[in-house]
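Structural overview
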Amino acid sequence: MKTRIYLDNAATTKTSKEVVDAMLPYFTEDYGNPSSIYEIGQRSKEAITKAREQIAQVIGAKTEEIYFTAGGSESDNWALKAAFEAYSGKGNHIITTKIEHHAILHTCEYLEKQGARITYLDVDENGLVDLEELQKAICPETILISVMFANNEIGTIEPVKEIGMIAKEHGVLFHTDAVQAFGQVPIDVNEMNIDMLSSSAHKINGPKGIGFLYIRKGVKIRSFVHGGAQERKRRAGTENVPGIVGYGVAAKRAAESMEERTKKERELRDYLIERVLKEVPYVKLNGDPVKRLPNNMNFSFRFIEGESLLIMLDMKGIAGSSGSACTSGSLDPSHVLLAIGLPHEIAHGSLRLTLGEDITKEDLDYTLEQIKEIVGRLRELSPLYEDFVRKQEKQKQ
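Every value quoted in this text rests on a predicted model; they were computed, and no experiment measured them. (Residues numbered from 1 in each chain as written. Predicted model: local features only at pLDDT ≥ 70, side-chain atom pairs only at ≥ 80, totals over all residues. Heavy atoms only, no water.)

**Here's the deal with the overall build of the protein chain**
Assigned secondary structure in the protein chain consists of 14 helices and 13 strands. Relative to the 2.2 N^0.38 estimate, which gives 21 Å for 397 residues, the radius of gyration of the protein chain is 22 Å and therefore close to what a compact globule would have. For the protein chain, the residues scored as buried account for 56% of the 397 residues in total. A fraction of 72% describes how many contacts in the protein chain between residues 6 or more apart in sequence connect residues 24 or more apart. (Helix = DSSP H or I, 4+ residues; strand = E, 2+ residues; numbered from the N terminus. Rg over C-alpha atoms; globule rule 2.2 N^0.38 Å. Buried < 20%, exposed > 50% of the residue type's maximum accessible area, 1.4 Å probe, protein only. Contact = heavy atoms within 4.5 Å.)

And the structure:
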């Protein structure tokens, strides 16, 4: 039995030994600046080129269409801000959804202050975008559609290929935040008509602080960071060589293991979902039951607070996350859970568990037993649950 069961892999993952080993020489041996002409610098430059090739192959892109960034949030900011600036001559309208990551939503809020008009699409109870509503939202001033590939909280996978087709038919750019999906589901940017795609290494057993933005050749996007000629003059700054090398290895590793790894994850995911729904009363599965990430489970337990559940699970050696944002200092529940129609009191009692490659069935059995015990204990302390039980008993009489 592990002393720590880590079930928050949507937040970050453990950097694999293979990735760390590949990175180490670029800290202490091949540490040259890639912009230098001497040998030690050129070795760093070659390593960046190799990593760019490794990543491009995973999504069917050209090597020169991969631009390294500091992570998913920067990539999202770059895609939206630069597209708004570059295509302002055509229009100012951007379409997104109400369940996007805050890197998209907060950027949209910023752009609204710069004169952008943003349409925030509703989603259904499973978190899926309505393609007819998307069609209706497009107008002559629409310059960009940004819809996430898969939701980071509830795991729902959006109809990305269909969205890409709609965008292409209307001559509108399509960006997708694929931070949760890259390395977890097959992605082909050409088949799916994706013009820009964001990703981050630390979600696939790579290092933190490194990501990329795929920009289709021909897309008119301005430079995001000024000051040097790096990343084909679009993002200045000395490259994070160890991070880039690590990302390349992590991407290759994730692609090669995807079929077998995600098959195991689906089996474990469905096993725990079935047991939780069967053995814990008054619980709801959030997200689409079929169109969801292989490693994602999100539950709402009635009559409890998610933060209390998280803390008590942590005391039992289990790391998860809550659907509520209270842990970050806000009293508001998750915007995603509210967008799929959950009332505040139920959204507050949510728990997200996301699998990693080291998780076993025995880990999940232990987790389930702790959930059952803790939820039961918390409900005993809940006046809402007490009132609910009393009403139930009256109805039976």
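**Here we look at unusual backbone geometry**
Although it is not a glycine, Glu231 adopts a positive phi angle of roughly 50°. If you trace the backbone, Glu231 turns up in helix 8 (residues 230-233). In the Ramachandran plot, Phe303 falls in the positive-phi region, its phi being about 70° despite a non-glycine side chain. Following the sequence through the fold, Phe303 ends up in the loop between strand 10 (296-301) and helix 10 (306-315).

**Topic: the sheet that holds strand 3 (residues 93-97)**
As summarised here, the arrangement of the seven strands in space is 2-8-7-6-5-3-4, forming an open sheet in which the pairing is mixed. The open sheet is flanked by strand 2 (66-69) and strand 4 (117-121), the only strands paired with a single partner. Between one strand axis and the next, the sheet turns by 20° as a mean value, whatever way the strands run. Here four bridges tie strand 2 to strand 8 (residues 211-215), and the two strands are oriented antiparallel to one another. Within the sheet, the bridge partner assigned to Tyr67 lies in strand 8 and is Leu213. Running at roughly 115° to strand 2, helix 3 (residues 39-59) makes contact with strand 2 and strand 8 of the sheet. (Pairing = 2+ DSSP bridges. Axes fitted to C-alpha atoms, helices over the stretch in contact; angles between N-to-C directions.)

**Notes on the layout of surface pockets**
A volume near 390 Å³ is recorded for the second largest pocket. Sorting the residues of the lining of the second largest pocket by element identifies strand 1 (5-6) and helix 9 (241-279) as the ones contributing at least two each. It is helix 9 that provides the largest number of residues to the lining of the second largest pocket, a total of six residues. Tallied by class, the residues present in the lining of the second largest pocket amount to nine nonpolar, eight polar and nine charged. (1 Å grid on protein atoms, 1.4 Å probe; cavity = no way out; pocket = protein on both sides within 12 Å on 5 of 7 lines; lining within 4 Å. Points joined across faces, edges and corners; volume = space filled by probe spheres on them. Nonpolar A, V, L, I, M, F, W, Y, C, P; charged D, E, K, R; others polar.)

**Describing the nonpolar core**
Among the nonpolar cores identified, the biggest contains 62 residues, and Ile59, Ile145, Phe149, Ile187, Ile194 and Phe212 are the most heavily contacted of them. For this core, the secondary-structure elements that each account for two or more residues are helix 1 (17-23), helix 3, strand 2, helix 6 (131-137), helix 7 (160-169), strand 8, helix 9 and helix 11 (335-339). The leading source of residues in this core is helix 9, at eight residues. Of all hydrophobic cores here, the second largest spans 28 residues; its members include Leu268, Ile318, Leu351 and Ile374. (Core = buried A, V, L, I, M, F, W, Y, C linked by side-chain atoms within 4.5 Å.)

**Remarks on the pattern of salt bridges**
Under the definition given, this model contains 27 salt bridges. Here Lys98 makes a salt bridge to Asp122, at a shortest N to O gap of 2.5 Å. On the criterion of sequence distance, the pair formed by Lys98 in the loop between strand 3 and helix 5 (102-113) and Asp122 in the loop between strand 4 and helix 6 is long-range, its members being 24 residues apart. Looking at Lys98, the relative accessible area reads 36%, which means it is partly exposed. Judged by relative accessible area, Asp122 falls into the exposed class, the value being 51%. Between Asp195 and Arg216 there is a salt bridge; the shortest N-O distance is 3.3 Å. On the criterion of sequence distance, the pair formed by Asp195 in the loop between strand 6 (173-177) and strand 7 (196-200) and Arg216 in the loop between strand 8 and helix 8 is long-range, its members being 21 residues apart. Each member of the pair Asp195 and Arg216 is classed as buried. Each of Arg275, Glu279, Asp365, Glu369 and Lys372 takes part in one network of salt bridges that share partners. (Salt bridge = Lys/Arg side-chain N within 4 Å of Asp/Glu carboxyl O.)

**Re helix 3**
In this model, helix 3 (21 residues) spans 31 Å end to end at C-alpha, consistent with the 30 Å of a helix rising 1.5 Å per residue. Along helix 3, the residues classified as buried are Gly41, Ser44, Ala47, Ile48, Ala51, Arg52, Gln54, Ile55, Ala56, Val58 and Ile59. Buried residues along helix 3 sit in contact with helix 2 (25-28), strand 2, strand 8, helix 8 and helix 9. Of the residues one or two after helix 3, Gly60 is the one with positive phi, at around 70°. (Expected span 1.5 Å × (residues − 1).)

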